[in-house]
Structures are given as C-alpha cells and as structure tokens.
Amino acid sequence: MKVDVVVLAGGDGAVIDPACRFKGLLPIAGKPMVEWVAMAARGALSVAEVAVVVPTAEDLGAWVDTVDKLVVSNGSFIENVVAGVRAFRNDRPVLITTGDLPALTPEAIDDFVARSLETGADFTYPLVRKADVLEQFPGSERTFVRLADGSVTGGNMMLVNPALVERNADIGERLFETRKSAVQMARVIGFRFAWKLAIGRLEVHEVEAKIGELLGGSGAAINTSHASIGADVDKPHDVVVAERVLYQRSTGRID
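Conventions used here
- Residues numbered from 1 in each chain as written.
- Predicted model: local features only at pLDDT ≥ 70, side-chain atom pairs only at ≥ 80, totals over all residues.
- Heavy atoms only, no water.
- 1 Å grid on protein atoms, 1.4 Å probe; cavity = no way out; pocket = protein on both sides within 12 Å on 5 of 7 lines; lining within 4 Å.
- Points joined across faces, edges and corners; volume = space filled by probe spheres on them.
- Helix = DSSP H or I, 4+ residues; strand = E, 2+ residues; numbered from the N terminus.
- Contact = heavy atoms within 4.5 Å.
- Polar contact = N/O pair within 3.5 Å; in protein donor to acceptor, adjacent residues only side chain to side chain.
- Expected span 1.5 Å × (residues − 1).
- Core = buried A, V, L, I, M, F, W, Y, C linked by side-chain atoms within 4.5 Å.
- Buried < 20%, exposed > 50% of the residue type's maximum accessible area, 1.4 Å probe, protein only.
- Nonpolar A, V, L, I, M, F, W, Y, C, P; charged D, E, K, R; others polar.
- Phe/Tyr/Trp six-rings, centres within 6.5 Å; stacked < 30°, edge-to-face > 60°.
- Lys NZ or Arg CZ within 6 Å of the ring centre and 35° of its normal.

A.B. asks: Account for empty space enclosed by the protein, with residues named and values stated.
C.D. replies: Scanning all chains against the criterion turns up one cavity of 30 Å³ or more. The calculated volume of the largest cavity comes to roughly 30 Å³. Lining the largest cavity are Phe 137, Arg 142, Ala 231, Asp 232, Val 233, Asp 238, Val 241 and Ala 242.

A.B. asks: Could you give an account of the environment of Lys 2, with specific residues and numbers?
C.D. replies: With respect to the helices and strands, the residue Lys 2 is situated in the segment before strand 1 (3-8). Each C-alpha atom, one on Lys 2 and one on Glu 49, is 9.0 Å from the other, the two residues being 47 residues apart in sequence. Residues contacting Lys 2, with those up to four places away along its chain left out, are Leu 45, Ser 46, Val 47, Ala 48, Arg 92 and Pro 93. At 3.5 Å, the side chain of Lys 2 forms a polar contact with the backbone oxygen of Leu 45.

A.B. asks: Before we move on, can you summarise helix 10 (residues 236-251) with the specific residues and values?
C.D. replies: Between its first and last C-alpha, helix 10 extends 23 Å over 16 residues, near the 22 Å set by a 1.5 Å rise per residue. Looking at the packing, one finds that the buried side of helix 10 touches strand 2 (27-28), helix 1 (33-43) and helix 4 (130-136). Note on helix 10: the residue one or two positions beyond its end, Gly 252, has a positive phi of about 75 degrees.

A.B. asks: Now, about the nonpolar core: what can you tell me, with residues and values included?
C.D. replies: Within the largest apolar cluster, 40 residues are counted, with the highest numbers of intra-cluster contacts made by Leu 26, Val 50, Val 52, Trp 63, Leu 95, Leu 104 and Ile 109. For this core, the secondary structure elements donating two or more residues are strand 1, helix 1, strand 4 (47-54), helix 3 (106-119), strand 10 (157-160) and helix 10. If you tally residues by element for this core, the top one is helix 1, at seven residues. Dropping the residues within four chain positions of it, Trp 63 is found in contact with Leu 25, Pro 32, Val 34, Glu 35, Val 52, Val 54 and Leu 70.

A.B. asks: Just give me the short version of the layout of surface pockets, but keep the residues and values in it.
C.D. replies: The rolling of a water-molecule-sized probe over the atoms marks out the regions of remaining empty space. Put simply, the second largest pocket is a space of about 150 Å³. Looking at the second largest pocket, the residues that line it are Asp 91, Arg 92, Pro 93, Ser 116, Leu 117, Gly 120, Ala 121, Asp 122, Leu 159, Val 160, Asn 161 and Pro 162. Those elements that place two or more of their residues in the lining of the second largest pocket are helix 3 and strand 10. For the lining of the second largest pocket, the residue count by class is six nonpolar, three polar and three charged.

A.B. asks: Which residues make up unusual backbone geometry, and what values do they have?
C.D. replies: A positive phi angle is found at Ala 29, which is not glycine, with a value near 50 degrees. Following the sequence through the fold, Ala 29 ends up in the loop between strand 2 and strand 3 (31-32). You will see that Asp 59, though not glycine, has its phi angle at about 50 degrees, which is positive. With respect to the element layout, Asp 59 can be found in the loop between strand 4 and strand 5 (69-72). Residue Asp 59 is classed as exposed on the basis of its relative accessible area of 69%.

A.B. asks: Provide a residue-level description of the packing of aromatic side chains, including the pertinent values.
C.D. replies: Counted under the stated rule, the structure contains zero aromatic pairs. Lying over the aromatic face of Trp 36, Lys 31 brings its terminal NZ or CZ to 4.4 Å of the ring centre.

A.B. asks: Explain the environment of Ala 108 residue by residue, including any values.
C.D. replies: Considering the arrangement of structural elements, one finds Ala 108 in helix 3. Along the primary structure Ala 108 and Thr 224 are separated by 116 residues, whereas in three dimensions their C-alpha atoms are 8.4 Å apart.

A.B. asks: Quick one: what's the story with the side chain of Thr 97, residue by residue and with numbers?
C.D. replies: Counting through the fold element by element, Thr 97 comes out in strand 6 (residues 94-98). Overall, Thr 97 belongs to the buried group, its relative accessible area being 3%. Setting aside its immediate chain neighbours within four residues, Thr 97 contacts Val 5, Val 6, Val 7, Leu 8, Val 37, Asn 156 and Met 157.

So this is what it looks like as structure tokens:
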C-alpha cells in the first residue's frame, strides 16, 4: 500500500533569517528547505502523491513543479493539516510531515511508513533514541523526553487515517497550543500521565494508549533509528548541523 504525503511548509522563517518570507523557503545548502523534504518524499517508494501546504503561492521557485499539489493555507497548524489532507480526498493513509527536515531521506520515510502500516493503527508517531540523534547529527541540540526504557525525541511526522484528522481537529489544536506549557498540557492529557512522563516512568504502551484515548482510534509509537525524521531546523545552529550532514552525504566525507 502507498500513502500520500502532506508537507507543512509555513511558519516564521524570520527567526532564523530576517529575509525569509516563511520557514519552508529558508535556504539550506543551496535549496529552499521545503525542496529537500519534497525531494525525499518524491524519492520514497511508499509514496503516491505529495502535497505541500504554503501560506502563499507567489514567487516560490521551480521546486513547486516537483510536487503533485500546492495547497495555499495560512491558518493555524491544525487548519493547515486539514487543508492538506483534504487535497487528496481518498482513503489512502496520509503521512503528515513538517517542511523543516532538510536532511530527511527517502529510506527514513519508507521505513517509517512500512512499520506504521504493519501495526494497523489509525495514528502512528516516530520516536528517535537520543544516541541515534547525537551520532547521526553531532552537535545537534534537541529536547529529549525520558521514558522508562531510555531518552527519546519525537519525530516531525505522523501517519494517519485521514478520517481521523477532521474529527480530531479540536483536540489537535489544543495539544499544539499547549505544547510549551507543562501545566496546560497536563490539563489536556491528564495529570497522572503528565507526572509519569515528567519523572521518566512512562512506558511506550502507555503513550500508545493515551493517543488512542485522545483521538478515538488506535495509536502506535514507532521506534526508528532514522534520526533525520527528528532533525528539524528551528534556529541558526540547526542550519549549521543540517548543512554539515548534507555536505558529508554529497561528498562521502566524515569530518
């Protein structure tokens, strides 16, 4: 089975480069950041079609010809997700990813999709071990969460049953809006769950159960060794790390 891909390419690029109109256009190693993500999606064997969600269709560059659908939406995070999923209007699972993963590879996408589909879950989310992040992206500065079996960071993608998206727009918006406040997040996910997460006692199966409870469908966490799934660019230092990795790939050098 193949999946469709929604790439969310908006966001404030000015926090990294004042000249950047929106985050997806941030130049990374000679290309707009979103182009790297679109190229990875296009190269993945598991992908049928690719839609990119942008706040405007003006002056985007030649990369737009490499994607199947260009969706103009300048709403909230969840509104942009819904707009992207609606662009397909079919029953294929949809892989939703952010456009700030310039080091993302087709192999990482194919591995995550294959293992997600094997679970049969309505919603899957990747977890990357801290050791893999630091080995593959040396110098990277990430936020890690301590689970019972080790420290992980969340990847910037999810595979979803499209029917789940619109009916969970409200809870999705609440989770996104509270992501930077532990107290507010606890009110959404429950204080017991939040406490176990805070002290590093949470098991992966508990995360999966909570996803299912919140979304009204089955959820599964996918442990992946492909750190490019979580290597997003949010600050100037991330640009340096990403460009170093891309340079090493293109030359075969490891400095």
